[in-house]
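One letter stands for each residue in the lines below.
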Number of protein chains: 4
Amino acid sequence: MKIKKSWKHKIHEVIYGTHTPAGKLFDIVLLIIIVYSVIIVMLESIPAYDERYHKFLNLSEWVVTILFSIEYILRIVSINRPKKYIFSFFGIIDLLSTIPKYLALFLVGSQYLTAFRILRLLRVFRILKLVRFVGESNNLVRALHASRTKIFVFVFFVIIISVLLGTVMYIVEGPTHGFSSIPHSVYWTIVTLTTVGYGDISPETPLGQFIATVIMIIGYGVIAVPTGIVSAEYASGISKKTKKNPGRACPECGTEIMRVDAHYCRECGHRLNDED
Amino acid sequence: MKIKKSWKHKIHEVIYGTHTPAGKLFDIVLLIIIVYSVIIVMLESIPAYDERYHKFLNLSEWVVTILFSIEYILRIVSINRPKKYIFSFFGIIDLLSTIPKYLALFLVGSQYLTAFRILRLLRVFRILKLVRFVGESNNLVRALHASRTKIFVFVFFVIIISVLLGTVMYIVEGPTHGFSSIPHSVYWTIVTLTTVGYGDISPETPLGQFIATVIMIIGYGVIAVPTGIVSAEYASGISKKTKKNPGRACPECGTEIMRVDAHYCRECGHRLNDED
Amino acid sequence: MKIKKSWKHKIHEVIYGTHTPAGKLFDIVLLIIIVYSVIIVMLESIPAYDERYHKFLNLSEWVVTILFSIEYILRIVSINRPKKYIFSFFGIIDLLSTIPKYLALFLVGSQYLTAFRILRLLRVFRILKLVRFVGESNNLVRALHASRTKIFVFVFFVIIISVLLGTVMYIVEGPTHGFSSIPHSVYWTIVTLTTVGYGDISPETPLGQFIATVIMIIGYGVIAVPTGIVSAEYASGISKKTKKNPGRACPECGTEIMRVDAHYCRECGHRLNDED
Amino acid sequence: MKIKKSWKHKIHEVIYGTHTPAGKLFDIVLLIIIVYSVIIVMLESIPAYDERYHKFLNLSEWVVTILFSIEYILRIVSINRPKKYIFSFFGIIDLLSTIPKYLALFLVGSQYLTAFRILRLLRVFRILKLVRFVGESNNLVRALHASRTKIFVFVFFVIIISVLLGTVMYIVEGPTHGFSSIPHSVYWTIVTLTTVGYGDISPETPLGQFIATVIMIIGYGVIAVPTGIVSAEYASGISKKTKKNPGRACPECGTEIMRVDAHYCRECGHRLNDED
């Protein structure tokens, strides 16, 4: 029993851990394989490549699939609470990224298969496990999370504006100029508001063009808002950190010590020990 | 009389209030109906759908219209100052979002009707009543309101630049390359300056393309300005808040103490202990 | 003599001043006339309008031109140092916005005339005289002026990157795919880098499309830089102000008083008079 | 020997130095020649110009090439550690920007030559030597360097999102609507996400257009992130500076006093008077 446990422990360390050299290596190899498999899926989607290298592409997909299956099983075996993993975000992704290939054996239907294949790409998200340790991503996630409500409200405004202006454009330009329906006009409005501007549809009447310019300037001015929000959020985050970092207070007068390297309280001149 | 009042009061609570469960439910249901009706209007504008489901679409429009009419009447009945509501922004929207459908009975003219239908979309704005309680939107509105002059000035500059560069492009490229008139060139300039770039018109002469690149780089560099403004505005807003956070108050006069390191109340001069 | 002076003075007050009601009125009327004349120039450039309303457009142009000529003369007469005005930015604009119409009488050449007509649009800049009093514009100008070096350096980098990537694209895609020459490719690169994306030229080879995506992501990431600069510049400007605003110091202990409404020094508890 | 050294020293001062008038002049002349040669390369790539002015263009290329060759040799001669220069970034660029022209003599192959010619453009980077002294660029570089990890993480996220959404679009729209393969769809997704929007491919199915709008709004909202990062980074950089500005130092131990309201030196506990 003890041996098994230690054996489980070893695998766990390698698969889940990233502190041991083996763990690091595993994650990096995994990273490479994922990218490789994504590239394979991409190449398969290019007719020219698929025709010429079908055998090789198919084979390497099988290899990758089997490797991931083994990994998946090991993950379940080596963890203490398998259920927790299986129903976790990555657990589901890991499973879904192996199944489709096996399904292909029983029920043929390339059309649907390709649909399943997308999920394989989600493997890429595993990389985040590595990225997470960069630490920066947390910072990004935090900033985005902090301003999620604001961004939601913002997107909400954008949608309302788009629906309204889209309908106006539908009335002004009409189907004759490519604004075939309100949803289509709304699509065009968002294309314009976000400054994407495909040009697949573009206003032809002077009034339509005038409204378009108004939409653009709105989009141009309004693009400031989310940026402003995130910038502020992010900046405040930084400043908070720099403020928090020391989090020392003078034992004598309770003044907050801002500088990590302060040796004396700036208020009462009390000698500060590093314990403070 | 008393009963009626309490009856009115109940309705008022449900329709206008959002604190009681009934009020919350009402607002949410209303929200759903509005979105639903907007979708209906959109589907109607798609010929394919309109042909197939015209009956259903028309019927559900009627249902929604009647529901809103009832709501409108109740709003007037249940409020103390009906006039104030009727001539309020939402009051007018509420009315305008019911009328067109009734008008359709007497005077036939789908063309004009669709024009009226847009107004129905304005119902979406009612959602803001809910959003308003998210609190964030106020923040956004505040930030935008604070920088409204700046944004106006900015838009003003953009317009001047657009008119000038537009005319230059009209001279340089001329009608032969799609710059058929100054307004049209101005339209193109804004399309370029805002980095939308439809490509329905694009410079063909080397000089024109050079000026275009200048415009783009201007647009690219200038896009910073409104963002900078809003960011700063927003950040200052936040910092003001965060400054307040300490939330110490003078025990003597209750003044909020802004500075962490204040030793005396700035209002009454009372000596502050760190406990305060 | 004295009378003349006072007479000159009156005109000066009306034309240059904006404090007297007459001065305000003059500026506003001027503003309207400028916008009007710009619209006239625009309408003239639209063949359909020019044909139908040529007489009216031409006449109103003459009226405006004469009005501006009178204004120009009065400006020179009423000012003390006429030379300073004549060779000032607005002085030159004022002159240039009247000349072309007169020139049209002697040498016929609509083509060239239209070229001159652009300058008329510069009249719009006079509006700035009004805007200047909004005060915000100064703020904007200050922020832009403060970060002019940075923006120059930035634009400089953008140009280098564009030239390099443009040449790479010329090699990769070549004339067969619309990248007819290096300047043209550079033009395309800037179109892409600034996220304008006309689509008049777009990469067709996989490698070209890959480089394009790299360019886009660069552009997407790099767009942050000028924004960051201006934001920071602007924010620091605001914070400086808010810091400066009070600029009071406790006469007792010299502590900087942050709050305008402080009545006691937060350091030594000294009573502050509003003179402090 | 001594003379030679001083001779070497003189050249070194002129070529590498920028403090002496000769050095300044040299750099500026060099700057002009580089820009000139870049323009030559560009003009050569335009068939019309190449045909007409081939002789002149070719000649001036030779002149420039020889000038740069001489400069290159002088650089090696005049420096103390030639190896260090030769294998430095600019050393390699300097060499590569002379070679191709000489190669053209022995092996003919305009195709390849043009490929080499790009490198000549890298000469432009030499300008940075001048820019470096503007000082601002350092600031920019610092800000970018400080947020390089964040930007990497951000780009990483963008790529993942692009691959996922690209595949989804490939499934939804398919080759019939121009989404010929997953890589091509990913290319389109990045074109959309970065708000470039060429319009060479654009969704045609309602679902595709809906996903497109989602992508755009993501792009529109997410564009905030890098801006926020750089802004914050940049602002913090500035604020650090401005914080230092007070520039008080402890008279006892010379420590810079960061806090305006400090009463004691944080290093030696010396009582600070407001005169300090």
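Remember, it's a predicted structure, so these values are computed and weren't measured experimentally. (Residues numbered from 1 in each chain as written. Chains lettered and ligands numbered in written order. Predicted model: local features only at pLDDT ≥ 70, side-chain atom pairs only at ≥ 80, totals over all residues. Heavy atoms only, no water.)

When you go through chain A residue by residue, the secondary structure sums to 13 helices and two strands. A total of 276 residues make up chain A; the buried ones form 50% of that total. By sequence separation, contacts in chain A at least 24 residues apart represent 52% of the contacts at least 6 residues apart. Carbon and sulfur atoms provide 71% of the accessible area of chain A, an area that totals close to 13600 Å². (Helix = DSSP H or I, 4+ residues; strand = E, 2+ residues; numbered from the N terminus. Buried < 20%, exposed > 50% of the residue type's maximum accessible area, 1.4 Å probe, protein only. Contact = heavy atoms within 4.5 Å. Areas by Shrake-Rupley, 256 points an atom, 1.4 Å probe, with all protein chains shown as cover.)

For the rest of this paragraph, the subject is the pattern of salt bridges. Residues and elements named next belong to chain D. What the rule picks out here adds up to four salt bridges over all chains. Close ionic contact of R75 with E71 constitutes a salt bridge, the shortest N to O distance being 2.6 Å. With R75 and E71 both in helix 3 (residues 47-78) and four residues apart, this pair spans about one turn of that helix. Assigned by exposure class, R75 and E71 land together as buried. (Salt bridge = Lys/Arg side-chain N within 4 Å of Asp/Glu carboxyl O.)

Before going further, it helps to examine the UniProt feature "transmembrane region" (unreviewed entry) in chain A. Residues and elements named next belong to chain A. The sites that carry the UniProt feature "transmembrane region" (unreviewed entry) are, in the present numbering, residues 25-43, 55-74, 151-172 and 210-235. As annotated, residues 25-43 has a helix share of 100% and a strand share of 0%, and its two end C-alpha atoms lie 27 Å apart. Annotation note: span residues 55-74, helix share 100%, strand share 0%, distance between end C-alpha atoms 29 Å. (UniProt positions renumbered as here; feature names shortened; annotations may be inferred.)

Counted according to the given criterion, the structure contains 16 aromatic pairs over all chains. Arranged with centres 6.2 Å apart and planes meeting at 20 degrees, the rings of Y198(A) and W188(D) form a pair that is stacked. Taken as a pair, Y198(A) in the loop between helix 11 (182-193) and helix 12 (206-222) and W188(D) in helix 11 (residues 182-193) lie in two separate chains rather than in one. Taken individually, Y198(A) and W188(D) each receive the classification buried, so the pair is uniform in this respect. Measuring from centroid to centroid gives 6.0 Å for Y72(C) and Y85(C), while their planes differ by 45 degrees, and the two rings are tilted. Residue Y72(C) is located in helix 3 (residues 47-78), and its partner Y85(C) is located in helix 4 (residues 82-86); the two are separated by 13 residues in the primary sequence. Y85(C) carries the same exposure label as Y72(C), and that label is buried. Three or more aromatic residues link up through ring pairs in this structure, and these residues are F179(A), W188(A) and Y198(B). (Phe/Tyr/Trp six-rings, centres within 6.5 Å; stacked < 30°, edge-to-face > 60°.)

Another aspect to go through is the environment of K101(A). Inspection of the secondary structure assignment puts K101(A) in helix 6 (residues 99-106). Counting along the chain gives 31 residues from K101(A) to I70(A), while the straight-line C-alpha distance between them is 14 Å.

In this section: helix 5 (residues 89-96) of chain B. Looking only at helix 5 of chain B, the buried set comprises F90(B), G91(B), I93(B) and D94(B). The buried residues of helix 5 of chain B occupy an angular sector of 165 degrees when the element is viewed end-on, so they sit on one face. (Arc of directions from axis to C-beta.)

Its location among the elements puts W7(A) in helix 1 (residues 2-15). C-alpha separation for the pair W7(A) and V64(A), spaced 57 residues apart in sequence, amounts to 25 Å.

A few words on the side chain of E71(D). Judged by its relative accessible area of 6%, E71(D) falls in the buried class. Here R75(D) takes part through its side chain, which lies 2.6 Å from a polar atom of the side chain of E71(D). (Polar contact = N/O pair within 3.5 Å; in protein donor to acceptor, adjacent residues only side chain to side chain.)

The next thing to look at is helix 3 (residues 47-78) of chain A. Residues and elements named next belong to chain A. Taking 1.5 Å of rise per residue, the 32 residues of helix 3 would be expected to cover 46 Å, yet its terminal C-alpha atoms sit only 41 Å apart, more than 12% below that figure. For helix 3, the principal kink sits at Y53 and spans about 90 degrees. Residues L57, S60, E61, W62, V64, T65, F68, S69, E71, Y72, R75 and S78 constitute the buried set of helix 3. (Expected span 1.5 Å × (residues − 1). Bend = angle between axes of the 7 residues up to and from the residue.)

The next thing to look at is the packing of helix 2 (residues 21-45) of chain D against helix 3 of chain D. Residues and elements named next belong to chain D. At a closest axis distance of 8 Å, the pairing of helix 2 and helix 3 adopts a crossing angle of 145 degrees. The handedness of the crossing between helix 2 and helix 3 comes out as left-handed. Contacts from F26, L30, I33, I34, Y36, S37, I40, L43, E44 and S45 in helix 2 reach P47, Y49, D50, F56, L57, S60, E61, V64, L67, F68, E71 and R75 in helix 3. The residue inventory of the contact of helix 2 with helix 3, partitioned by class, reads 14 nonpolar, three polar and five charged. (Axes fitted to C-alpha atoms, helices over the stretch in contact; angles between N-to-C directions. Left-handed = near helix turned anticlockwise from the far one by under 90°. Nonpolar A, V, L, I, M, F, W, Y, C, P; charged D, E, K, R; others polar.)

This paragraph deals with unusual backbone geometry. Residue and element names in this part refer to chain A. A positive phi angle, close to 60 degrees, is found at T195, a residue other than glycine. One can find T195 in the loop between helix 11 and helix 12. T195 sits in the buried class, given a relative accessible area of 3%.

This brings us to the packing of helix 11 of chain A against helix 2 (residues 21-45) of chain B. Their axes nearest at 7 Å, the elements helix 11 of chain A and helix 2 of chain B cross at an angle of 105 degrees. As judged from the angle between their axes, helix 11 of chain A and helix 2 of chain B are roughly perpendicular. Across the interface between the two elements, I182(A), P183(A) and V186(A) of helix 11 of chain A pack against V41(B), M42(B) and S45(B) of helix 2 of chain B. Counted by class, the contact of helix 11 of chain A with helix 2 of chain B contains five nonpolar, one polar and no charged residues. (Parallel < 35°, antiparallel > 145°, perpendicular 65-115°, else oblique.)

This next bit is on a nonpolar patch on the surface. Residues L59(A), V63(A), I66(A), L67(A), I70(A), Y102(A), L105(A) and F106(A) make up a contiguous nonpolar surface patch of about 790 Å² in total accessible area. If one sorts the elements of the nonpolar patch by residue count, helix 3 of chain A sits on top with five residues. (Patch = residues over 30% accessible without salt bridge, like charges linked within 9 Å, V, L, I, M, F, W, Y side chains within 5 Å.)

A few words now on the environment of I171(C). Residues and elements named next belong to chain C. Structurally, I171 is set in helix 10 (residues 148-173). Looking at I171, the relative accessible area reads 27%, which means it is partly exposed. Taking the C-alpha atoms as reference, I171 lies 54 Å from W62; in sequence the two are 109 residues apart.

Residues and elements named next belong to chain A. Per-residue pLDDT for chain A averages 73, and the proportion of residues at 70 or more is 64%. In this model residues 109-115 is a low-confidence stretch, pLDDT under 50, and it forms four contacts with partners more than four residues away in sequence or in other chains. Note on residues 241-248: pLDDT under 50 across the span, and 13 contacts to partners over four residues away in sequence or across chains. Across the predicted assembly, pTM comes out at 0.75 and ipTM at 0.72. (pLDDT = per-residue confidence, 0-100.)

Take the side chain of S78(D) next. Checked against the element boundaries, S78(D) lands in helix 3. For S78(D), the contacting residues outside a window of four places in its chain are K8(D), I11(D), H12(D) and Y16(D).

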